[in-house]
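Observations on the model geometry
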Amino acid sequence: MTVIDIPGSKSVTARALFLAAAAEGTTSLLRPLVSDDTEGFAEGLTALGYAVRREPDAWHIEGRPAGPGADTAEVYCRDGATTARFLPTLAAAGHGTYRFDASAQMRRRPLAPLTEALRTLGVDLRHGEREGHHPLAVHAHGVKGGALTLDAGQSSQYLTALLMLGPLTAEGLDITVTDLVSEPYVEITLAMMRSFGAEIRQEGRTYRVAPTGYRARTYSIEPDASTASYFFAAAALEPGRSVTVPGLGTGALQGDLGFVDVLRRMGADVEITDTGTTVRSTGTLRGLTVNMRDISDTMPTLAAIAPFADGPVRIEDVANTRVKECDRLDACAENLRRLGVTVRTGPDWIEIHPGTPTGPAEIATHGDHRIVMSFAVTGLRTPGITFDDPGCVKKTFPDFHRVFDTFVRTP
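In short, a report on the structure. (Residues numbered from 1 in each chain as written. Predicted model: local features only at pLDDT ≥ 70, side-chain atom pairs only at ≥ 80, totals over all residues. Heavy atoms only, no water.)

This paragraph deals with the sheet that holds strand β20 (residues 313–316). Strand order in the open sheet formed by four strands is β19-β20-β22-β21, with mixed pairing between adjacent strands. Because the sheet does not close on itself, it has two edges, and the strands there are β19 (288–291) and β21 (343–345). Along the sheet, successive strands turn relative to each other by an average axial angle of 10°, direction set aside. Pairing geometry for β19 and β20, over four bridges, is parallel. (Pairing = 2+ DSSP bridges. Helix = DSSP H or I, 4+ residues; strand = E, 2+ residues; numbered from the N terminus. Axes fitted to C-alpha atoms, helices over the stretch in contact; angles between N-to-C directions.)

This is how it looks when you write it as C-alpha cells:
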C-alpha cells in the first residue's frame with residue numbers, strides 16, 4: 001500500500017485567507033496550499049494592505065475587520081477564480097478604490113451574478129471592458145447589507161463570496177438562491193465561517209448571515225480532495241494497487257471526497273476512517289451512469305479512466321464544467337477521441353464507451369491543470385501520452401509530476 005501526502009486544499013486555503021484577512025486579530029494557517037492560485041491570493045491581500053507573513057508550513061495574516069489597509073490598490077488575480085471572485089467582494093467591505101484584473105483565461109470566465117449582487121447591495125462596481133468579466137473597479141464605502149436573490153447555477157463561488165461578506169456588513173445579509181451547483185463547496189464555506197465566529201441560519205434556500213464579524217484563530221488546512229482523486233483513480237485502475245491519503249477521512253470538509261463513492265460503485269474497494277481514505281483495485285471497473293453536479297471538479301478524473309470500464313460511463317449534470325479554466329467537457333471528449341475512444345456529448349453530459357486508448361498522442365490541455373492531472377492517470381495504461389502544457393499544474397499542485405511519478409514507481 002502506498003501512502004501519499006496530498007498538498008493542502010485550494011478551496012479551503014482560499015476561504016481561510018479571506019476569513020483571516022477579515023478577522024479581528026492574527027490568524028495562523030497551518031499547511032496551506034502553496035501554488036500559483038494561493039500565492040496569487042496572498043499577493044492580492046498584500047496589495048490591498050493586509051500583512052501576510054509566510055513560513056514554509058504556516059502563513060500568518062493580520063486581520064483588518066474594517067477592510068483593506070490601502071486606500072487604492074491594483075490587484076492582478078492571475079488564473080485564480082477564487083482570487084478573482086473573493087477579493088473584490090472583500091474589498092467592497094472597506095473604503096477606497098480597488099482595481100482588479102486577471103489572466104486572459106480568467107477574463108473569459110463569468111462574474112456577472114456576483115457583480116450584479118454586489119451592485120444590489122449598493123456597491124459601486126464597474127467593469128472595465130466587457131460587462132460581467134474582469135477587469136473591474138470597486139469604489140468601496142462599506143456594505144450596509146440587506147436581502148438579495150442570487151443565481152449560483154454556474155458557480156457556487158458566487159454564493160460563497162457573498163456569504164463570507166455577510167458578517168462584515170452593517171446589518172447582515174439574507175441571500176435567497178434560485179439555483180446552486182457544487183453545493184458541498186457551500187457546506188465548506190459555512191463550516192469555516194462558523195469556525196471563525198460567524199452566525200448563519202439556513203431556511204430552505206435562504207441563508208441569513210448575522211453581522212458578527214470574525215475572530216482570528218489557528219486553522220489547519222486539510223489535504224485537497226480534488227487532487228487526491230487522481231491518486232485514488234490510479235489505484236482503482238491498476239490491478240494490485242492501493243493508496244491511502246491521510247488527513248482525508250470521515251470528518252473531511254470537502255465534498256469531492258465523494259469521488260471515492262463513484263469508484264466504489266465501479267468496483268473498487270474503498271475504506272474511509274477517521275484518519276484517512278484508502279482505495280484498492282479489485283481488478284474490475286464497471287460502467288455506470290452518475291450525476292456529478294456536486295463533485296464536478298472530479299469529472300475529468302472519471303472521464304480519464306472511463307475507457308477502461310467494462311461498459312459505458314455516462315456523466316450527467318455537469319454543464320458548469322464548460323465555464324471552468326476551459327470547457328472541460330469538450331476538452332475531455334476531444335482528448336479521448338485523440339486516443340481512439342468513442343465519446344458522445346450533450347449540453348451537460350458526456351458518455352464514454354469502453355475501448356483501449358492508443359498512443360502516442362499529445363493531450364491538448366487548454367492550460368487547465370485538471371486536464372493534465374486526469375490524463376496522467378490514463379497514461380498509466382496508454383504509452384506515449386504527452387502534454388502541450390504540462391507546467392499548468394502549478395495552479396494547484398506544482399510538484400504533481402514528480403509526486404505522481406514516484407507513486408507510479410512505488411510497488
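On strand β7 (residues 95–101), burial follows the alternation: G96, Y98 and F100 on one face are buried, whereas H95, T97, R99 and D101 on the facing-out side are not. Examined bridge by bridge, strand β6 (residues 72–76) and β7 share five bridges and lie parallel to one another. Across the sheet, residue Y76 finds its bridge partner in β7, namely D101. Handedness of the crossover joining β6 and β7 through helix α3 (residues 81–92) is recorded here as right-handed. Across six bridges, β7 lies against strand β9 (residues 136–141) in antiparallel orientation. Bridging across to β9, G96 finds its partner in A140. (Buried < 20%, exposed > 50% of the residue type's maximum accessible area, 1.4 Å probe, protein only. Right-handed = clockwise from strand over helix to strand, strands pointing away.)

Within the open sheet, the four strands sit side by side as β6-β7-β9-β8. Their pairing is mixed. Pairing within the sheet leaves two strands with one partner each, and these edge strands are β6 and β8 (124–127). When the angles between neighbouring strand axes are averaged without regard to direction, this sheet yields 15°. Across the sheet, helix α2 (residues 36–48) is in contact with β6 and β7; its angle to β6 comes to roughly 170°. Lying on the sheet, α3 is in contact with β6, β7 and β9; it crosses β9 at an angle near 25°. (Contact = heavy atoms within 4.5 Å.)

Before going further, it helps to examine the pairing of strand β10 (residues 146–152). Relative to strand β11 (residues 173–180), β10 runs parallel, the two sharing seven bridges. Of the residues in β11, the one forming a bridge with G146 is L173. As for the winding sense of the linkage, the β-α-β connection from β10 through helix α6 (residues 157–165) to β11 is right-handed.

Turning to the state of the cysteines, a few remarks are in order. Taken as a whole and judged by the stated rule, the model has zero disulfides. Between C332, a cysteine without a disulfide, and C326, which holds the nearest cysteine sulfur, the sulfur-to-sulfur distance is 7.7 Å. Note on C392: no disulfide assigned, nearest cysteine sulfur contributed by C326 at a separation of 9.1 Å. (Disulfide = S-S within 2.5 Å.)

At the junction of H134 and P135, the peptide bond is cis and its omega measures out at 0° in the coordinates. Of note, P135 is situated in the loop between β8 and β9. Put simply, G359 and P360 share a cis peptide bond, and its omega is 0°. Note that P360 resides in the loop between β22 (350–352) and β23 (361–363). Positive phi, normally seen in glycine, also occurs at R31, with a value near 55°. By secondary structure assignment, the location of R31 is in the loop between β3 (26–30) and α2. Residue classification places R31 among the partly exposed positions, given a relative accessible area of 40%. One non-glycine residue with positive phi stands out, namely S182, at about 55°. Its location among the elements puts S182 in the loop between β11 and α7 (183–195). Its relative accessible area of 5% is what places S182 among the buried residues.

Another aspect to go through is the packing of helix α1 (residues 10–22) against α3. The N-to-C vectors of α1 and α3 enclose an angle of 15°; their axes lie 10 Å apart at closest approach. Our classification of the angle between α1 and α3 gives roughly parallel. Note that α1 runs across α3; the crossing there is right-handed. Residues A14, R15, F18, A21 and A22 of α1 lie in contact with α3, whose contacting residues are T82, F86 and L90. Taken together, the residues of the contact of α1 with α3 sort by class into six nonpolar, one polar and one charged. (Parallel < 35°, antiparallel > 145°, perpendicular 65-115°, else oblique. Left-handed = near helix turned anticlockwise from the far one by under 90°. Nonpolar A, V, L, I, M, F, W, Y, C, P; charged D, E, K, R; others polar.)

What follows is about the pattern of salt bridges. Under the counting rule described, the total for this entry stands at 32 salt bridges. Between D101 and R107 there is a salt bridge; the shortest N-O distance is 2.8 Å. What makes R107 partly exposed here is its relative accessible area of 25%. Each of the salt bridges in this network shares a partner with another, and the network as a whole consists of K10, D37, R109, D297, K324, E325, R328, D368 and K395. (Salt bridge = Lys/Arg side-chain N within 4 Å of Asp/Glu carboxyl O.)

Coordinates in, geometry out; function isn't part of it.
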